[in-house]
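# A closer look at the structure
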Amino acid sequence: LDMAAMSFAVGKLVKFAGTSGVEFVELTESKVHVRIRNRKKVQNHIGSLHAAAMALLAETATGIVVGMNVPDDRIPVIKTMKVDYLKRARGDMEAVATLTSDDIKHIRSTEKGDITVPVQVTDEDGKEPISCEMIWAWVPKRR
């Protein structure tokens, strides 16, 4: 699956992410890199990316990297989303979420659990206008 097809597929699966135009830049089992362009549709009243769009970017990156590692008999769910807005964002933004090999082993071998997923969100100047803590949980699917 190429990155445009992945963006389309996630947009269909997670409708809210699809409305924002989140694009996939890189996708591996341990890293998800996504981007959102600063378009009118996702701007706030001062012309930068809306606070909710920034949070969505971080939530998408962390959710996909966890979701790719959660076994098919379990469901990933966001448990905690904490976002601190530190400075005004400029232009397009990107988020990179990563898991270590130990994180991946933990997710795959634990029936029910949670994990804090590191995510770095940057604007077009390479600055980090927000700081995030995203904790994802997974639970067994109901039969």
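A brief structural summary.

Calculation notes
Residues numbered from 1 in each chain as written. Predicted model: local features only at pLDDT ≥ 70, side-chain atom pairs only at ≥ 80, totals over all residues. Heavy atoms only, no water. Pairing = 2+ DSSP bridges. Helix = DSSP H or I, 4+ residues; strand = E, 2+ residues; numbered from the N terminus. Axes fitted to C-alpha atoms, helices over the stretch in contact; angles between N-to-C directions. Contact = heavy atoms within 4.5 Å. Salt bridge = Lys/Arg side-chain N within 4 Å of Asp/Glu carboxyl O. Buried < 20%, exposed > 50% of the residue type's maximum accessible area, 1.4 Å probe, protein only. Core = buried A, V, L, I, M, F, W, Y, C linked by side-chain atoms within 4.5 Å. Polar contact = N/O pair within 3.5 Å; in protein donor to acceptor, adjacent residues only side chain to side chain.

This paragraph deals with the sheet that holds strand β5 (residues 113-117). The three strands are arranged β3-β7-β5 in an open sheet whose pairing can be described as antiparallel. This sheet does not close on itself; its edge strands, each paired only once, are β3 (74-85) and β5. Along the sheet, successive strands turn relative to each other by an average axial angle of 20°, direction set aside. As paired elements, β5 and strand β7 (residues 130-140) share five bridges and run antiparallel to each other. Its bridge partner being in β7, D114 is matched across the sheet by A137. Contacts from helix α4 (residues 101-109) reach β3, β5 and β7, with the element oriented near 155° to β5.

Opposite charge on two side chains allows them to pair when their charged atoms are near. Summed over all chains, the structure comprises twelve salt bridges. Here K31 makes a salt bridge to E26, at a shortest N to O gap of 3.1 Å. When its relative accessible area of 30% is taken as the criterion, E26 is described as partly exposed. Between R90 and E124 there is a salt bridge, with its nearest N and O atoms 4.0 Å apart.

In this section: the nonpolar core. Core analysis: the largest hydrophobic core is formed by 35 residues, its most contacted members being V119 and V121. If you list the elements that add at least two residues to this core, you get β2 (31-36), α3 (51-67), β4 (93-98), α4, β5, β6 (119-123) and β7. Leaving out residues up to four positions away in the same chain, V121 has contacts with L57, A58, M93, E94, A95, K127, E128, P129, I130 and C132.

Moving on, we get to the sheet that holds β6. Read across the sheet, four strands follow the order β1-β2-β4-β6 without closing on themselves; strand pairing throughout is antiparallel. The open sheet terminates on both sides in strands that have one partner only, identified here as β1 (23-27) and β6. The sheet shows a mean angle of 15° between the axes of neighbouring strands, taken without regard to direction. Relative to β6, β4 is paired through five bridges, and the arrangement is antiparallel. Within β6, the position partnered with E94 by the bridge is T122.

It is worth spelling out the side chain of D103 at this point. Locating D103 in the fold gives a position in helix α4. Reaching out from D103, the side chain makes a polar contact with the backbone nitrogen of T100 at a distance of 2.9 Å.

Of note, T62 is situated in helix α3. Assessed through its relative accessible area of 0%, T62 is described here as buried. If sequence neighbours within four positions are ignored, T62 has contacts with A97, V117, V119, M134 and W136.

The next thing to look at is the pairing of β2. Successive residues of a regular strand alternate their side chains across the two faces of the sheet. Burial analysis of β2 places five of its six residues in the buried class, the great majority of the element. Two successive antiparallel strands, β1 and β2, enclose a turn made up of three residues. The pairing of β2 with β4 spans six bridges and is antiparallel. Its bridge partner lying in β4, V32 is registered against A97.

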